[in-house]
Amino acid sequence: MLHALAALVFLGLSAASPASAEEQAMARPDGAGFALTYDVYTGGLRAIRFDFELGLDDPGYETRIRLETSGIVGALFSWSLEAFSVGDWRDGEIAPRQYRTDNQWRSRERSVAIEYRDDGTRSVNAEPPYGEDDIKLVDPALIPGSVDPTTAVTALVLTSALKGECRDSSAVYDGRRRYDANMTVLPTRDLKASSAAPFEGRAEGCHLIFERIAGFKSDRERLQDLEVAIWLADVGVEPGRVPVRLELITPWGDGFAHLVRARARDGALVFGEADE
């Protein structure tokens with residue numbers, strides 16, 4: 001259940017395209033950026049903390065993501081994931097150069113690094129190494145045009161801020177699996193605040209589902225049974241609106257991710273309360 005929630009929070013921000021070059025020049029000031037913190041709940045318990053940091057410096061971006069178990073759940077189960085992506089804007093599209101993720105579940109660790117080359121190819125290095133059978137499951141012809149999950153998250157956040165759109169489909173390749181993230185627009189909704197969810201106000205929504213393409217075990221349909229409703233609003237960060245709530249549907253139960261804190265790139269608190 002924890003892994004499913006973590007995957008949904010991570011991938012729930014991964015399915016939109018970057019803005020056009022003209023819109024970026026108009027709406028993305030050099031040196032902009034922000035840091036967002038979410039609390040993820042399941043069964044009424046706070047289970048995961050999710051931190052997302054984005055820096056923008058013409059012509060590039062740098063994104064850092066961290067998820068870790070928290071609260072009572074964190075005391076019982078130790079899990080964390082850190083991810084990093086850096087790249088440029090090219091011809092109005094996001095172009096990653098490097099991606100790395102480190103995943104730790106109790107005493108087990110896995111790291112994956114992807115290096116993007118100028119000719120459009122990429123190298124994947126995993127530790128422990130992936131088996132040859134895993135890698136061969138993805139036809140190389142399916143990989144071009146796809147991006148890693150952290151780059152996809154960056155594209156969604158920037159697109160939501162600059163264009164206010166949900167992308168119909170995004171191709172994602174994490175070094176072992178290829179899948180599409182498909183989105184449709186949800187009707188605008190008024191969100192109410194609570195002790196767990198500080199945001200209150202009008203929010204626009206995107207509904208996200210996943211389509212397995214390659215690299216998955218045939219007896220596991222879990223990815224296609226996951227859904228996310230992403231609610232976005234302006235909370236005062238530059239350049240614009242960001243996800244304020246995620247509603248997660250899984251075969252093991254539902255979960256919620258609430259934006260609890262937002263800071264400008266200089267560290268100034270613009271939403272929520274200071275970290276404890």
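Provided above is the structure to which this section pertains.
Now for a description of the structure that goes with this document. Only a predicted model underlies this, so the values are computations on that prediction, with no experimental measurement involved. Sequence order as written defines residue numbering, which begins from 1 separately in each chain. Since the coordinates come from a predicted model, pLDDT governs what is reported: local features require at least 70, and pairs of side-chain atoms require 80 or more to be given and counted, while whole-chain, interface and lining totals use all residues. Here the side-chain values reflect all heavy atoms present in the structure, with hydrogen atoms and water set aside.

1. Quick word on the pairing of strand β13 (residues 253-264)
- The pairing of strand β1 (residues 33-42) with β13 spans nine bridges and is classified as antiparallel. From the neighbouring strand, Tyr41 faces β13, where its bridge partner is Phe256.
- When DSSP finds two or more bridges between two strands, those strands count as paired. Each helix corresponds to a stretch of at least 4 residues labelled H or I by DSSP, and each strand to a stretch of at least 2 residues labelled E; elements are numbered beginning at the N terminus. In terms of strand pairing, strand β12 (residues 242-250) meets β13 through six bridges, oriented antiparallel. Residue pairing in the sheet places Leu248 in a bridge with Gly255 of β13.

2. With respect to the packing of aromatic side chains
- We call Phe, Tyr and Trp rings a pair once their centres come within 6.5 Å, taking the six-membered ring for Trp, and we label the pair stacked below 30 degrees between planes, edge-to-face above 60, and tilted otherwise. This structure, assessed with the given rule, holds six aromatic pairs.
- Judged by centre distance (6.3 Å) and plane angle (10 degrees), the rings of Phe77 and Trp105 are stacked. Of this pair, Phe77 sits in the loop between α3 (71-76) and β4 (79-90) while Trp105 sits in strand β5 (residues 93-105), and the two are 28 residues apart along the sequence.
- What makes Trp105 buried here is its relative accessible area of 18%.
- Seen from their ring centres, Tyr179 and Phe216 are 6.3 Å apart, and the 65 degrees between their planes marks the pair as edge-to-face. Of this pair, Tyr179 sits in strand β9 (residues 178-191) while Phe216 is found in the loop between β10 (201-214) and β11 (227-233), placing the two residues 37 residues apart along the sequence.
- Of the aromatic side chains, those joined through ring pairs into one cluster are Tyr179, Phe210 and Phe216. Using a 1.4 Å probe on the protein chains alone, a residue whose accessible area is under 20% of its type maximum counts as buried, one over 50% counts as exposed, and one in between counts as partly exposed.

3. Examining the environment of Phe199
- Mapped onto the elements of the fold, Phe199 is located in the loop between β9 and β10.
- Taking C-alpha positions, Phe199 is 8.6 Å from Phe271, a pair spaced 72 residues apart along the chain.
- Residues contacting Phe199, with those up to four places away along its chain left out, are Leu191, Lys192, Ala193, Ala233, Val235, Val244, Arg245 and Phe271. Contacts are assigned to residue pairs with any non-hydrogen atoms lying within 4.5 Å of each other.

4. What about the state of the cysteines?
- Note on disulfides: each one is a pair of cysteine sulfur atoms within 2.5 Å. Tallied over the entire structure, the rule returns one disulfide.
- Covalent S-S linkage joins Cys166 and Cys206, the inter-sulfur distance amounting to 1.8 Å. Taking the torsion about the S-S bond as the criterion, the Cys166 to Cys206 disulfide, at about -80 degrees, is left-handed. With Cys166 in the loop between α5 (149-162) and β8 (169-173) and Cys206 in strand β10, this pair connects stretches of sequence that are 40 residues apart. The residues Cys166 and Cys206 share a single accessibility class, namely buried.

5. Description of the pattern of salt bridges
- In what follows, salt bridge is the name for a side-chain nitrogen of Lys or Arg lying within 4 Å of a carboxyl oxygen of Asp or Glu. Scanning the entire structure with this criterion turns up 14 salt bridges.
- The salt bridge involving Asp275 is made with Arg49; its shortest N-O contact spans 2.9 Å. One end of the pair, Asp275, is in the segment after β14 (269-272); the other, Arg49, is in strand β2 (residues 45-57), and 226 residues separate them in sequence.
- Owing to a relative accessible area of 22%, Arg49 belongs among the partly exposed residues under this scheme.
- Two residues, Glu204 and Arg241, come together in a salt bridge whose shortest N-O distance is 2.2 Å. In this pair, Glu204 sits in strand β10 while Arg241 sits in the loop between β11 and β12, placing the two residues 37 residues apart along the sequence.
- By relative accessible area, which is 40% here, Glu204 ends up partly exposed.
- Connected through salt bridges with shared partners, the residues Arg49, Asp51, Arg261 and Asp275 form a single ionic network.

6. A word on a nonpolar patch on the surface
- A patch consists of residues whose relative accessible area exceeds 30% and which take part in no salt bridge; residues with like charges are grouped when within 9 Å of each other, and nonpolar side chains (Val, Leu, Ile, Met, Phe, Trp, Tyr) when within 5 Å. All accessible areas in this document rest on Shrake-Rupley with a 1.4 Å probe, and a residue is counted as covered only by the protein chains that are shown. A cluster of nonpolar residues, Leu45, Ile72, Leu76 and Phe77, forms a patch on the protein surface that exposes about 390 Å² of accessible area.
- Tracing the backbone shows Leu76 in helix α3.

7. What about the nonpolar core?
- If you look at the biggest cluster of nonpolar residues, it comprises 58 residues, and the most contacted ones within it are Phe34, Leu36, Phe52, Ile230, Val235, Val244 and Leu259.
- Beyond its immediate stretch of four places on either side in the chain, Phe52 contacts Phe34, Ala35, Leu36, Thr63, Arg64, Ile65, Val153, Thr154 and Val157. Nonpolar cores are built from buried Ala, Val, Leu, Ile, Met, Phe, Trp, Tyr and Cys residues. Side-chain atoms within 4.5 Å join them into one set.

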